[in-house]
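Analysis of the macromolecular model
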Amino acid sequence: MRILTRYILGEISSHSLIGFALFTFILFMKDIGHILDTVVRNSSSFTMVMQIFLFTLPNTFLVTIPMAVLVGVLLGLSRLAADSEITAMRASGFGIWYFVRVAAIVAVIGTGLGLVNSLYLSPLANQAILEMQKQLETSQASFEIQPRVFYEDFKNTVVYVQDVRSGTGASNWRQIFIADVTDPTTPGITTAESATVIGDNSQGLLIRLRNATEHTTAANQPGQYNLSTFATTDRPQGFSPQSDVHIGRMDTPIYAMSNKELLQHVHGPDGKHYLIEFHRRLAYPAACLVLMLVGVPLGTASRRGGKSTGFVFTLLLVLVYYLLSTFGVAWGRQGKLPAVVAVWLANALFAIVGLFLLSQMASGGRALSAITGTIAGWFARVRKPVSEAVAVEDADAKAANASWQAALKVRWRRRFRPHLPHPFPRFKRRGFPLILDEYVLREFFKMFVMVLAGFVLMLLVFTFFDLVGDILRNRTPLSTVGQYLVNLTPSMIYQITPLSVLVAVLVTFGVLNKTSELTAMKATGISLYRLVIPVLVIAAILAGGLFAFDQFYLPQANQKQEALRNIIKGKPAQTTLRPDQKWIFGQQRTGQPSRIFYYQFFDSDQDAFANLSIFEFDPKTFALSKRIFATRAMWNDDTHVWQFENGWERSFQGANQTGFREFQKANFAEIREEPGYFKKESLQSQEMNFGQLQRYIGDLQQSGFDTMTLRVQLYHKLAYPLVTIVMTVLAIPFAISMGKRGSLTGIAWAIGIALSYWVVAGLLDAMGSHNYLPAALAAWSPDILFGLTGGYLLLRTPT
C-alpha cells in the first residue's frame, strides 16, 4: 500500500510542480517587460533587479499555488484513469476516500505553503516593493539626450539640442534651446551656441553654456521684455522625480500591512476592507483543499481524454472558482454581503460540490457520470474534426515501425549478403517529404495546436480575472467583454506562437527519443539533421505567417481591443491625438529659418490653438531671430493661412531687439505648417504594421519627438517572427538530452528556456529604449544570441 501511495503521490506532485512553474511563468511574463523597463530607466543595480523579481513572486504565488494543486490532482488522476489504473485499484478494494487521503497530502502541503506565503511572505514583499518604489521615484533616471528631440525629463525644463557629441566624462552640445516652464504661460527661453555637460551629482547635470542669450517676459505685460547675454554661464539642471514607477500588482498599501495591523484597523473607518483582506489571506490557501475535493472525483472519473480532459477540467474549475471569489469580494466591499461570507463564498460552494460529487462516486450515483459525460462529450465533439487524422496517424505509425524493422533487416542483409536485391524500393524514395517526415510533422502539429490553444485559453482566463473588478464597478456589458477577449486573442496567438513551437518541438522529439523511435530512424541511415528539416521548414513558414499576420490583421484587432479595454476600465473616450504634446519643431526647409511651436491647447476639430508661441531661429547660428505670441490662432480654409488674434511680435538681431508690435489680428505668410502637421497620432507600435510604423517614426522625428522606443519596436517586428526558428534550433538538442524522461521534463525545459529568452529580450529592449544600445542591436540580439547557442548545441549532438 505504501508503494501504491508513493506512486499516486508521484503522479500528482510531478504534475503539480510543472503546473506551478507553468502558471507562475505565464502570470509573471506579463509583468517582465514593465519591470525591466523600470530598472533600466532608473539605472538599477543587478542586486535590485533580482530583489524586484523576488519581491513580485509572492503576489503571484497567491493564485498559482491553489491552481498547481488542482492541476496536479486532475492531470495525475486523469492519467491513471485513462490507463485504467484507477479501475484496477478500485477493483482491488480501494475506495474513493483512499484517493482523497492521498491527494489531501499534496493539498495540505499546498495549503501550508500558501498560508506562509499569504500571511508572512507576501506582506513583507509588498512592503519592500513600496520602499523600492519610493527609492526609484527619487533616483536619477538613466539619461542620454539625443539630438533634435524635445526632452521633458528635467525639472520644469524642456531641452532641445541640434547636435550631440559624446565624450569621456562629458558631452558637447551644439545649438541648444532651453525653455523654463515653471510658469507655463510665459516660458523663459535660453539659447546657446554650444555647451559642455557633465554629471553634477545623483540628482542632475551641470550644463556650461557658451554664447548664450536669455529671454524673459511677463504674461500680462507684453511690453516688458528682458534680454540678457552671456559669454559663459553654468546652469545646474535637476531631473524630475520618476512619478510613473510601479512594480508588480500593488494598487494600495493595505496589501503591505501585517496581519496584526489589519486586525487593528478592523474596527475603524472602512474596517470591512481590512477584514476582507485578512480573510482573503486565509481563503486563498484554503482553496487548495476545496479544489482538491472537486478534483478527485472528476479526475478519477475521466476515463476518456486522459490529460487533455484533465486540462479542460482545470481551466473550467479555475475560471469558476476565481470568478466566484472575485464577485464575492466585490459584493463584500459594496456591503451586499458580510465580509467573512463574501470572502469564503467560493470555498464554501466548492466544498459542498466536492463532497456531493465524492458521495455520488462512493455510492455509484449518476450525477457525477452525467457531469463527466457531458464534459467528455463536449471535448470529443471538439476533437471530432481531427479524429480521422488521428486514426490515420496511428495506422501510419504502425506502418512506420514495421518499415524500420524491415529496414534494419535490409541493412544486415546488405552487410552479409550484398547480392540480394533491396526488398523495399519504396522506402528508398528520395525527396521531401518522406513518410517519416509526415509522421514527425503530424506529431509536431498535434502538440503545437494543443499547446497554443491551452496557453491562449489560460491567458484569456487570467485576463478576465484581472478585469472582473472593473467589469463589476463600471457595469460593463458581458457582450463588450466578449468582444474585447475576441479581439485580444490574435495578439495572444502572435505572442505565444514561439513558446508553443518550443514546447511542441521539445515534447515531440523528447517522446520520439523516449520510445526509441529516434534510434530506429537513425538505424535506417537517416541523420538527425535530416529529421529536423521538416520541423525547421514549418518553423520558417510560421515565421513568415507571423510577419504577414502582423502586417495585415493584427494592428486593426489591437486598435479595437484597446478601445474596448478603455470602456471596460471606465476611462473617458480616448482620442488618437496628442493634445499634451506642447512642443513641436516646425517643417525644416533649406535656407529658411527654423521654428519651434509651443502651445497650451490645440483643438483638432476646430483647428485652433490657445496661447500659441512661435520661436524662429537663424539657420546658421540658431540664435533667436523672431518670437510671436497669440492668445488664439485659427486656420482659415479659404486663404490657407493662420489667423492670429490678441498677441505680439518681436524681432531680434543678435543680442538686440530690433522690433516690437502688438496686434488684434495678424497673418504671417511665412508660417506654412498646416493643421494636419500638428495632428500627430499617438498610436502604439502594435497598432501599426511595419510600413506604417516606419512612416510614423519619420514623421515624429521631423517634429522633434523621441522615437527610440518606436525604433526598437520597428526592428522587433522583423526579429520576433524569427523566434520560431530560433526556438526550434534550441529545443532539439535539449530534447535529445532528456533521454527517457518524457513530456513533463520537456515542458520544464521549455519554461526555463522561454523564461531566459524573455528576460534577456526584455532587458535588451529596455536598454535600447533608453539609449544604452542601438535600436537594431537591441531587437536582434536575443535572436542572434539564442540562435548561435542552439546551433552550437545542435552541432555537438550525436546524429
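See the structure shown above.
Heads up: these notes are all about the structure in this document. Throughout this description, residue numbers start from 1 for each chain and increase along the sequence as written. pLDDT decides what is reported in this predicted model: residues at 70 or higher carry local features, side-chain atom pairs at 80 or more are listed and counted, and totals for whole chains, interfaces and linings draw on all residues regardless. Note that water and hydrogens are dropped before the side-chain values are worked out from all heavy atoms of the structure.

1. Observations regarding the sheet that holds strand 7 (residues 583-585)
At least two bridges found by DSSP between two strands is the condition for calling them paired. Only DSSP runs of H or I with at least four residues qualify as helices, and only runs of E with at least two residues qualify as strands; both kinds are numbered from the N terminus onward. Spatially, the 6 strands line up as an open sheet ordered 7-8-9-10-11-12, and their pairing is antiparallel. At either margin of the open sheet sits one strand with a lone partner, and together these are strand 7 and strand 12 (656-667). When strand polarity is set aside, the average angle formed by the axes of neighbouring strands in this sheet is 15°. With 10 bridges joining them, strand 11 (residues 641-653) and strand 12 adopt antiparallel strand pairing. Pairing of Q643 across the sheet is with N667, part of strand 12. The axes are straight lines fitted to the C-alpha atoms, using for helices just the contacting stretch, and the angles between their N-to-C directions are given from 0 to 180°.

2. A word on the nonpolar core
Within this scheme, the nonpolar core is defined by two criteria: the residues are buried Ala, Val, Leu, Ile, Met, Phe, Trp, Tyr or Cys, and they are joined through side-chain atoms within 4.5 Å. Only protein chains enter the accessibility calculation, which uses a 1.4 Å probe; a residue whose area is less than 20% of its type maximum is buried, one above 50% is exposed, and one in between is partly exposed. Core analysis: the biggest nonpolar cluster contains 100 residues, and Y321, F455, L502 and W758 have the highest contact counts within it. Counting residues in hydrophobic clusters, the runner-up holds 27 residues, among them Y98, C288, M292 and V296.

3. Re helix 15 (residues 554-569)
How far a helix is expected to stretch is found by multiplying one less than its residue total by 1.5 Å. Compared with an ideal rise of 1.5 Å per residue, which puts 16 residues at 22 Å, helix 15 spans 22 Å between its outermost C-alpha atoms and is within 8% of the ideal. Those residues of helix 15 that fall on the buried side of the exposure criterion are L554, P555, A557, N558, Q561, L564, N566 and I568. Within two residues after helix 15, G570 carries a phi angle of roughly 75°, on the positive side.

4. So, the pattern of salt bridges
By salt bridge we mean one thing: a side-chain nitrogen of Lys or Arg within 4 Å of a carboxyl oxygen of Asp or Glu. Using the criterion set out here, one finds 9 salt bridges in the structure. Between D163 and R174 there is a salt bridge; the shortest N-O distance is 3.9 Å. Of this pair, D163 sits in strand 2 (residues 157-166) while R174 sits in strand 3 (residues 171-180); the two residues are 11 residues apart in sequence, bridging distant segments of the chain. A relative accessible area of 22% places D163 in the partly exposed class.

5. Here we look at helix 14 (residues 528-552)
When the terminal C-alpha atoms of helix 14 are compared, their 37 Å separation across 25 residues agrees well with the 36 Å that a helix rising 1.5 Å per residue should span. The angle between axes fitted to the seven residues ending at a residue and the seven residues starting there is what we call the bend at that residue. In helix 14, a bend of some 30° at P534 exceeds every other bend along the element. L528, L531, V532, P534, V535, I538, A539, L542, A543, L546, D550 and Q551 are the residues of helix 14 that are buried.

6. Let's talk about unusual backbone geometry
One non-glycine residue, Q175, lies in the positive phi region at around 55°. On the basis of relative accessible area, Q175 is assigned to the buried category, the value being 11%. The phi angle at N611 is positive, at roughly 55°, despite the residue not being glycine. Following the sequence through the fold, N611 ends up in strand 9 (residues 608-617). Its relative accessible area of 26% is what places N611 among the partly exposed residues.

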